[in-house]
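# A closer look at the structure
Residue strings, one per chain:
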Amino acid sequence: MIAETGLAALWLAAGLAALQFLLMVLALRTDLDLNRTMRSVAIVQGVLTLISFAMLLLVFARSDMSVALVFENSHSAKPFIYKVAGAWGNHEGSMLLWVTVLSVAGAFFAMLSRRTSERTAVAALGAQATLALGFYAFLLVASNPFARLFPAPADGQGLNPLLQDPGLAFHPPTLYLGYVGLSVAFSLAVGALLTGEVDQQLARAMRPWVLGAWVLLTLGITAGSYWAYYELGWGGYWFWDPVENASLMPWLAATALLHSINVLAARGALKAWTMMLAVVAFSMSMVGTFLVRSGILTSVHAFAIDPQRGTFLLALLAIYVGAAFTLFAVRGASLKEGAPFELVSRETGLVINNLLLSVILGIVFLGTLYPLIVEAISGEKLSVGPPYFDAVAGPLALILAVLIGVGPLLSWRRERRPVLTRLIVPALIGVTALVITIILWPEMRVLPRLGLSVAAYLATASVLPLIGRNPLRTPVATWGMVAAHAGIAVALAGIAANAGFTSERLAIVKPGETLAVGPWTVQLHTIEPTAGQNWTALEGELRATRGQGVVVLKPQTRYFSDPSMETNEAAIRTFWNGQLYTVLGKSDPSGGWQLRLWWKPFVTLIWAGGVLIAFGGALALLGRLWRRRRAQSPHDWHSARYA
Amino acid sequence: MSRSLRFAPLVLLILVVVALVWRLATPADTTVSSKLAGKQVPMFQLAAGVSSKPGLASGDLATGSPRLLNIFASWCVPCISEVKVLQGLKSRGVAIDGIAVRDRPQDIAEFLARNGDPYQRIGSDVQSQVQIALGSSGVPESFIIDGKGTIRYQHIGPIEPSDVPLILAKLERAR
C-alpha cells in the first residue's frame, strides 16, 4: 500500500499543478483575484509531493523488494543510512527528489513571499507549477519510481560500493537543492515578464532565493570537488569533466545574477539583463540534469544511457527555456531601464563583473558542448580537457579577481572620491608577493605566480569595505560580501599553490626503501593484507618524516568482490602547510610496489575558500531576511496590507 | 536592448537543441577503427588447413578484386552461427578465405562438414602468429582486403545477419 500511496500522491500533485497552470491563465486573462486560491493549491501540491517522497524513503527503509526500484538498487544487508540514501541514488528516485524540491520551493514561495504584486505572485506560482508539471509527466510516463514486481524477489541486487560513501550520499541532494532553488528565480522572472512588473520589489523578492540556491550550489561543488580528490586517487580536485561543468555553469550564472539583482534592487537598472540571467541560471540547471541523465556526453558521471528519457528531458528543456526566451524577446522591449549611472560607479563595476562571468560561462559551455558540435560537422571524435579551460578561463578569472577588489569600494550612480588611492596598500602587497615568488621560485609558471600575487592583493582588498566603519553597525549583508570575496582570495591561493608548488613522485619501491617528495622522506615499511565487510585489500605502511617525528600513512589497494572492482584508497595526511597524499599501486615481478606520492602545499585552502564563500553567502542571506523582518513595522505598507 | 539582441538567446537555444537532438538521434558509434586499416597485409604463408583445399599466403589475397578474410576455429562456438552468414555472403558472390587458428585438420573438416563451407582457401595458423600479425585478438574476426592486398576494414566478433549490408557496402567501397 505504501508504494500505491506514493504514486497516488504524485498523480494528485500533477493534477494540482495542471490546475495551477489553468488558474494562472485565468488570472492573467481576467481581473479575478485568485491569489489566495493559487497559494493554497501550491501549498497542497508541495505537501503531496513530500508525502510521495516520504513513501519512497519508507519503501527503501523497509527494503520492500516488491518495488522494482528497491529490488534494483538496494539490498537488505545494506547499512540503514545507505538504504535511505539509495532512494535518490538512482534515476527515478533522483527525479522524484528533483520534482519534490521544485514543488516544495513553490509551496514555500506561496507561504512566504509578500514582496511582489499579487498578479506577479500568481503568475510566478503558475510558472513554477508548469515547470513541475513537465517533470511529473516525465516521472509518471517514463520513470515511475513506484512500479511493482510480481512475484516479489527474495532480496535486492544492488550494492554499489561506490555509492556507499557518506559524501556521495549527500552531495547530490545538496546540488539538487541549489539547482532547483534557482527555479523560483526563473518562475519569478517569467511571472514578471508576463505581468510586465519588472521592478525593484521583484528583485528584492527574488534575491533570497538566488542567494540560498547559490550557497547550496557552492557547498555542493566544493564537496564534490573534495570527494573526487580523496576518493579517485588521482590527486586532482577539478577535472573539467562534463558533469562537473554542468554544476559549474549554473553556479557561474547564479553568481552573475546575484550581483546584477543588487543593481535592480538598489537602482532599478539592468532589468532586461537580470531577467535573462534568471532564466539562464535555471536553464543551466536543466541542461546539467539533461547531460547527466541522458548520457549524451562521455563522462564518469553519465549513468545508464536511455534515449527515451533523454528525448523527454530535452523536450522539456526546449519547451520551458524556449518559452521563457520567447517571452523575453517579445516583452523585453517594454522594460524601461531605471536610474542612469555614470561610467565610474558601482553599477559599471557590476556590469563588468557580469560580462566577465558571462564570458567564462560561455567558455565553459562551449568547451563542454564543443566535442558534440565537431562530431556533428566533421564526424571527428575529440575531447576538450584542462589545457583549454585552464588557458582560456584562467586569465579571465584572474582579471575578475583583480576587479573584485575594486567593485565594492565604488558608490552607486557615480563615484567622485579617488577610489584607487584606497587600493594602494593591497596593490603593494600584491606586487611584494609577485617579487617574492620571482626571487624564491624563478622557474614557476606564469599563471600560478600571478594567482598567488592576486590572491595576496585580494585578501587585503576584500576587507577594505569594513575599514572606517563601526563593525556593529555594518549591515550583515556587507559582512557576507566581505567573507565571500575573501573566500575567493583563499581558494585562489590554494589553486595557485597547488599548481605552483606540488611535487610528485612515482616510483617502484621495495619494502624498506625510501622515496623523497618535497621536504618529505617516505619509507615503504611493510605490505600487509587486510579485509573489510565486502572487500579485501593490500595495505602499505608508509613512514614519512621531514627532519623530526614520524608520520604513518596506510594507503590501500582494495578488491571488492561483488561487483568485482578494484579501487585505490589514498592515504592523506593534512598539515597546517599542506597535504601529503599517497597512493599504493600494483606490485611488480621483482618484488617492488608502485608508489605515488604528492606533497601539496596549502591545497586545503581550495576547499576552505569554497566553504568561506558559501558562509559569506549565508551571512548575506541572513542579513537580507533579518532586515526584511525589521522593515515590517506597522508603518510598512506591505505588512499593513497582509496583516 | 535592441530587437536582434533580445532574440539572440532564443536563437542560441534552438541551435543547441538541434545539436542535441541530432546527437540523440544518431546512435553512439562504438566501433573501434582498426590501426591496420589502410596497411598492407603482413607477409605470411600458411599450410593448408584441410586436405581438400589449398593453403593461404599473403599473395593469394591480392587478386585484383576485394576479398573477405575470416579468422575462425572449429573450437569457437560463435563461429558456428557465423558460418551460415558467410554462406549467404558467398552465395552473393563474395570471395571468402579462412584462417583456422590453433586447430587440427580433422576437426576443421568435421566443422565444415557439419556447418557448411564458404571458404575458397583455408590456412592453418597453429601458433596464432598470423593472427597476431594481423592485429586480431580473438575468433571470429574478419578483414576486408582490396584487390591490391590492403586491409580496408576489420570486423571484430561474428558477422551477424544484421551486419551483412555493412559488409557488402565495405566490399563495394574496396572495389
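Bear in mind the structure is a predicted one, so any value in this text is a computation, not a measurement. Numbering of residues starts from 1 in every chain and runs along the sequence as written. Just so you know, chain letters begin at A and ligand numbers begin at 1, following the order they were written in. Restriction of local features to residues with pLDDT of at least 70 applies here, the model being predicted, together with a cutoff of 80 or more for giving and counting side-chain atom pairs; totals for whole chains, interfaces and linings are based on all residues.

This next bit is on the overall build of chain B. Each helix corresponds to a stretch of at least 4 residues labelled H or I by DSSP, and each strand to a stretch of at least 2 residues labelled E; elements are numbered beginning at the N terminus. For chain B, the count of helices and strands is 5 helices and 7 strands. Traced from its N-terminal end to its C-terminal end, chain B shows the element sequence α-β-β-β-α-β-α-β-α-β-β-α. It is over C-alpha atoms that the radius of gyration is taken, and the globule rule equals 2.2 Å times the number of residues to the power 0.38. Relative to its length of 175 residues, chain B is extended, with a C-alpha radius of gyration of 22 Å against a globular reference of 16 Å. Principal-axis analysis of the C-alpha atoms gives chain B an extent of 85 × 30 × 30 Å. Every C-beta atom is placed from the backbone, and the number of other C-beta atoms within 10 Å of a residue's own sets its class: buried at 20 or more, exposed at 12 or fewer, partly exposed in between. A total of 175 residues make up chain B; the buried ones form 34% of that total.

Residue and element names in this part refer to chain A. Summarising the model, chain A shows a mean pLDDT of 85, and 92% of its residues fall at 70 or more. Scored below 50 in pLDDT, residues 299-304 makes 15 contacts in the model with residues more than four places away or belonging to other chains. Scored from 0 to 100, pLDDT reflects the predictor's confidence in each residue. Residues are treated as contacting if the C-beta atoms built from their backbones sit within 7 Å of each other. Long-range and interchain partners of residues 633-643, a stretch whose pLDDT sits below 50, account for 6 contacts in this model, where long-range means more than four residues apart.

With 27 residues, helix α2 (residues 35-61) of chain A ought to run about 39 Å at 1.5 Å a step, and its terminal C-alpha atoms sit 39 Å apart, in line with that. Within two residues after α2 of chain A, S63 of chain A carries a phi angle of roughly 50°, on the positive side. The length a helix should cover is 1.5 Å for every residue beyond the first.

This part is about unusual backbone geometry. A cis geometry characterises the amide bond from V139 of chain B onward to P140 of chain B, with omega recorded as -10°. Residue position: P140 of chain B is located in the loop between α4 (129-133) and β6 (141-145). With a phi angle near 60°, F602 of chain A is a residue other than glycine that sits in the positive phi range. Note on placement: F602 of chain A falls in the loop between β10 (593-601) and α18 (605-631). If you check the backbone angles, S128 of chain B has positive phi at about 65° while not being a glycine. Secondary-structure assignment places S128 of chain B in the loop between β5 (122-125) and α4. Using a count of 15 C-beta atoms within 10 Å as the deciding quantity, one classes S128 of chain B as partly exposed.

A word on the sheet that holds strand β8 (residues 571-575) of chain A. Residues and elements named next belong to chain A. Spatially, the 4 strands line up as an open sheet ordered β1-β10-β9-β8, and their pairing is antiparallel. Looking at the sheet topology across the chains shown, the edges are occupied by β1 (503-509) and β8. When strand polarity is set aside, the average angle formed by the axes of neighbouring strands in this sheet is 15°. Strands were regarded as paired on the criterion that DSSP finds at least two bridges between them. Two strands pair when backbone bridges link them, and β1 and β10 are joined in this way by 7 bridges, in the antiparallel orientation. Across the sheet, the residue bridging to E504 is W598, located in β10. An axis is simply a line fitted to the C-alpha atoms; with a helix, the fit covers only the stretch in contact. Between two such axes, the angle follows the N-to-C directions and lies from 0 to 180 degrees.

This part covers the sheet that holds β5 of chain B. Residue and element names in this part refer to chain B. Spatial ordering of the open sheet is given by β5-β4-β3-β6-β7, a layout of 5 strands whose pairing is mixed. In this open sheet, the two edge strands, each paired with only one partner strand, are β5 and β7 (151-156). Going from strand to strand, the sheet's axes swing by 20° on average, the running direction of each strand aside. Summarising the sheet, strand β4 (residues 96-101) and β5 pair through 4 bridges and their orientation is parallel. The residue of β5 that forms the bridge with I99 is G123.

What follows is about the environment of S113 of chain A. Residues and elements named next belong to chain A. By secondary structure assignment, the location of S113 is in the loop between α5 (91-112) and α6 (118-142). Through-space distance from the C-alpha of S113 to that of M206 is 9.3 Å; in sequence the pair is 93 residues apart. The residues contacting S113, other than those within four sequence positions of it, are A121 and A205.

The next point concerns the pairing of β8 of chain A. With 5 bridges connecting them, β8 of chain A and strand β9 (residues 578-587) of chain A associate as antiparallel partners. Residue pairing in the sheet places T574 of chain A in a bridge with Q579 of chain A of β9 of chain A.

Here the focus is the pairing of strand β4 (residues 535-546) of chain A. All names here are of chain A. Where strand β3 (residues 520-531) and β4 come together, 10 bridges link them in antiparallel fashion. Note that in β4 the partner of A531 across the bridge is T536. The pairing of β4 with strand β6 (residues 556-560) spans 5 bridges and is classified as antiparallel. Along β6, the bridge assignment pairs W535 with F560. Pairing geometry for β4 and strand β5 (residues 548-553), over 4 bridges, is antiparallel. Paired with L542 across the bridge in β5 is L553. A loop of 1 residue connects β4 with β5, the two strands running antiparallel in sequence, and G547 in this loop sits at a positive phi of about 90°.

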